[in-house]
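Residue-level structure breakdown
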Amino acid sequence: MAEPKGEAFRVVHETKPEQTYRGAVVGCGRMGSTIDDEHIGMPHYPWPWAHAPAMIEARGVDLIAAADVDQAKLEDFKRRWGTEAIYTNYREMVEKEQPDIVCLTTRPDPRAEVTIGLAESGVKAIYATKPMCRTLAEADAMIDACHKHGVVLAIACHLNWYNWYTNARQVIADGVIGDLRSMICHSPSTLSNLHSHTLALFRLFAEAPAQWVFGVMDSEERAAGDSDLSGSGYIVYENGVRAIMNTQAETSGHNWTLEFIGDKGRIVSRNAHAQFELWSTHPETDNPIQCQFPNPWYPRSSMVDAIEGVCRSIEAGEELICPGEFGREALEIAIGLRESHRRGNVRVDLPLEDRNLRMG
Ligand SMILES: NC(=O)c1ccc[n+]([C@@H]2O[C@H](COP(=O)([O-])OP(=O)(O)OC[C@H]3O[C@@H](n4cnc5c(N)ncnc54)[C@H](O)[C@@H]3O)[C@@H](O)[C@H]2O)c1
């Protein structure tokens, strides 16, 4: 092939996986198959969102099989996506169909058992949706099983692959906002479910693990229990970067806003990733100036980009954009913020000692 000439062509060309993998979905419900039927209120967001159509659209992978414990879900999956190889037992599916990449889109409760079963059965990569699981012990076991069997474990916090955020990280790497100092999330939602996405993204931007947190939860009753909950919190990363989570339920009606603040400027993502602003410093006057945010050359579904990214992670032998460790940290921060509230809003160091703590 001739040497790619244009920048846009280069982006398309360089992100293509080298091989073509056999792909499968375990869990053929909304996230695995049907969630694109619910596209309302996010016209800016490039679809597909569900894993099956994203796998069909992604380069480097063919959707060849699916498993669900519910036969009706399987029949619907087959009708939608033309996948003939459908199974009510994921182990049988793996044995007969030998997939390389499995999208794991059950709800969180069976996630650890299925992840460990898939890792033991010899798949190359597992791309598991969020929240990663319910307990820290489950997250540890999932990561250990994948390490032991040499399996790439990627958590489907797909904003980590969304090309506006990829470009935002490049802006920071280019020094346009100076050194990243802090990050702010404003969005009324629960800490583990929706904000797994925020916390995995913060981890990617911070480039260091979270070290300690403190939190104030919205409800004493919910803070005393195990269900997912909203509240506010503060996170300090090992390199000194700080993050503020404002997920107070009372702020409902306001949309998801993320802000990345450096010592020379900031990047703001408003209205659930609909608008990106870039502010830097004027080179002569030192005044803040708004600049053109570098929109992507090739705006695509983050789910498609993520699945191609998982193919490339198989080829690279490691997952760097959203590995299991980021999914575990998202769960650990959510639990840590609640733990801080339970102990009187004190500083809580991570990792948490009690691995049986759960959320959701
Ligand atoms: N990333 C996102 O944007 C996003 C959006 C929505 C949901 N999600 C996440 O996706 C997950 C699934 O949510 P959903 O709304 O699609 O749920 P769902 O109930 O619609 O689908 C889950 C499916 O898994 C199947 N299942 C359960 N146990 C199984 C097993 N052992 N083997 C095979 N199949 C099994 C169920 O029968 C069901 O069809 C949740 O963790 C949710 O948080 C992510």
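So, how was this worked out
Per chain, residue numbering runs from 1 following the sequence as it is written. Residue-level local features of this predicted model are given only where pLDDT is at least 70; pairs of side-chain atoms are given and counted only at 80 or more, and the full residue set underlies all totals for whole chains, interfaces and linings. Helix and strand definitions follow DSSP, with helices as H or I runs of at least four residues and strands as E runs of at least two, each counted in order from the N terminus. Atoms counted for the radius of gyration: C-alpha only. Globule rule: 2.2 Å times residue count to the power 0.38. Burial is judged by counting other C-beta atoms within 10 Å of a residue's own C-beta: 20 or more means buried, 12 or fewer means exposed, and anything between counts as partly exposed, with every C-beta placed from the backbone. Residues are treated as contacting if the C-beta atoms built from their backbones sit within 7 Å of each other. To decide nearness, the C-beta atom of each residue is placed from the backbone, and the residue is near a molecule or strand if that atom lies within 6 Å of it. Note that Gly is not counted as nonpolar here; it falls among the polar residues with everything else outside the nonpolar set of Ala, Val, Leu, Ile, Met, Phe, Trp, Tyr, Cys and Pro and the charged set of Asp, Glu, Lys and Arg. Following DSSP output, two strands are said to pair if at least two bridges run between them. Axes here refer to lines fitted to C-alpha atoms; in helices the fit is confined to the stretch in contact. Angles between the N-to-C directions go from 0 to 180 degrees. Domain borders in the structure are assigned automatically or taken from a domain database.

As for the overall build of the chain
Along the backbone of the chain there are 12 helices and 15 strands. Taking 21 Å as the expected radius of gyration for a compact globule of 360 residues, we find that the chain reaches 20 Å, a close match to that expectation. With the C-alpha coordinates of the chain rotated into their principal frame, the extents come out at 65 × 60 × 40 Å. Scored against the burial criterion, the 360 residues of the chain give a buried share of 46%. Look at the contacts in the chain between residues 6 or more apart in sequence, and 71% of them connect residues 24 or more apart.

Quick notes on the environment of Tyr45
As for its placement among the helices and strands, Tyr45 is situated in the loop between helix 2 (30-34) and helix 3 (51-57). Here Tyr45 falls in the partly exposed class, since 15 other C-beta atoms lie within 10 Å of it. Taking C-alpha positions, Tyr45 is 7.4 Å from Ser301, a pair spaced 256 residues apart along the chain.

Regarding the site of the ligand
Inspection of the region around the ligand gives 23 residues, with Gly27, Gly29, Arg30, Met31 and Thr106 positioned closest. When its residues are assigned to classes, the shell around the ligand shows 11 nonpolar, six polar and six charged.

So, the sheet that holds strand 3 (residues 85-87)
Strand order in the open sheet formed by six strands is 3-2-1-4-5-6, with parallel pairing between adjacent strands. The open sheet is flanked by strand 3 and strand 6 (152-155), the only strands paired with a single partner. Pairwise comparison of adjacent strand axes, ignoring direction, gives a mean angle of 25° for this sheet. Inspection of the sheet shows strand 5 (residues 125-128) paired to strand 6 by four bridges, in the parallel sense. Bridge pairing in strand 6 places Ala125 opposite Val152. Contacting strand 1 (21-26), strand 4 (101-104) and strand 5, helix 6 (residues 111-121) runs over the sheet at an angle of about 165° to strand 5.

With respect to the sheet that holds strand 14 (residues 288-291)
Pairing within the open sheet is mixed, and its nine strands lie in the order 14-13-12-11-7-10-9-8-15. The strands lining the two open edges of the sheet, one partner per strand, are strand 14 and strand 15 (348-349). Bridge count between strand 12 (residues 266-270) and strand 13 (residues 275-281): five bridges; the pairing is antiparallel. Bridge pairing in strand 13 links Ser269 to Phe276. The strands touched by helix 9 (residues 195-206) within the sheet are strand 7 (180-186), strand 9 (231-237), strand 10 (242-246) and strand 11 (257-262), with strand 7 carrying the most contacts at an inclination of about 170°.

Side note on the domain arrangement of the chain
Domain boundaries assigned for the chain yield domain 1 (18-159) and domain 2 (162-296 + 323-349). With centres defined by C-alpha atoms, the gap from domain 1 to domain 2 works out at 27 Å. Contact residues are listed per partner, giving 17 residues for domain 1 and 21 residues for domain 2. Mapped by element, the contributors of at least two residues to the side of domain 1 that touches domain 2 are helix 7 (136-148) and strand 6. When residues of the side of domain 1 that touches domain 2 are assigned to their parent elements, the largest contribution, five residues, is made by helix 7. Among the residues making up the side of domain 1 that touches domain 2, the classes are represented as 14 nonpolar, two polar and one charged.

As for the pairing of strand 13
A regular strand places its side chains so that they alternate between the two faces of the sheet. What sits between the antiparallel neighbours strand 12 and strand 13 is a turn of four residues, in which Asn271 has the positive phi angle 55°. Pairing geometry for strand 13 and strand 14, over four bridges, is antiparallel. Residue pairing for strand 14: Ser280 is matched across the bridge by Ile289. Count of turn residues in the strand 13/strand 14 antiparallel hairpin: six residues, of which Asp286 carries a positive phi of about 70°.

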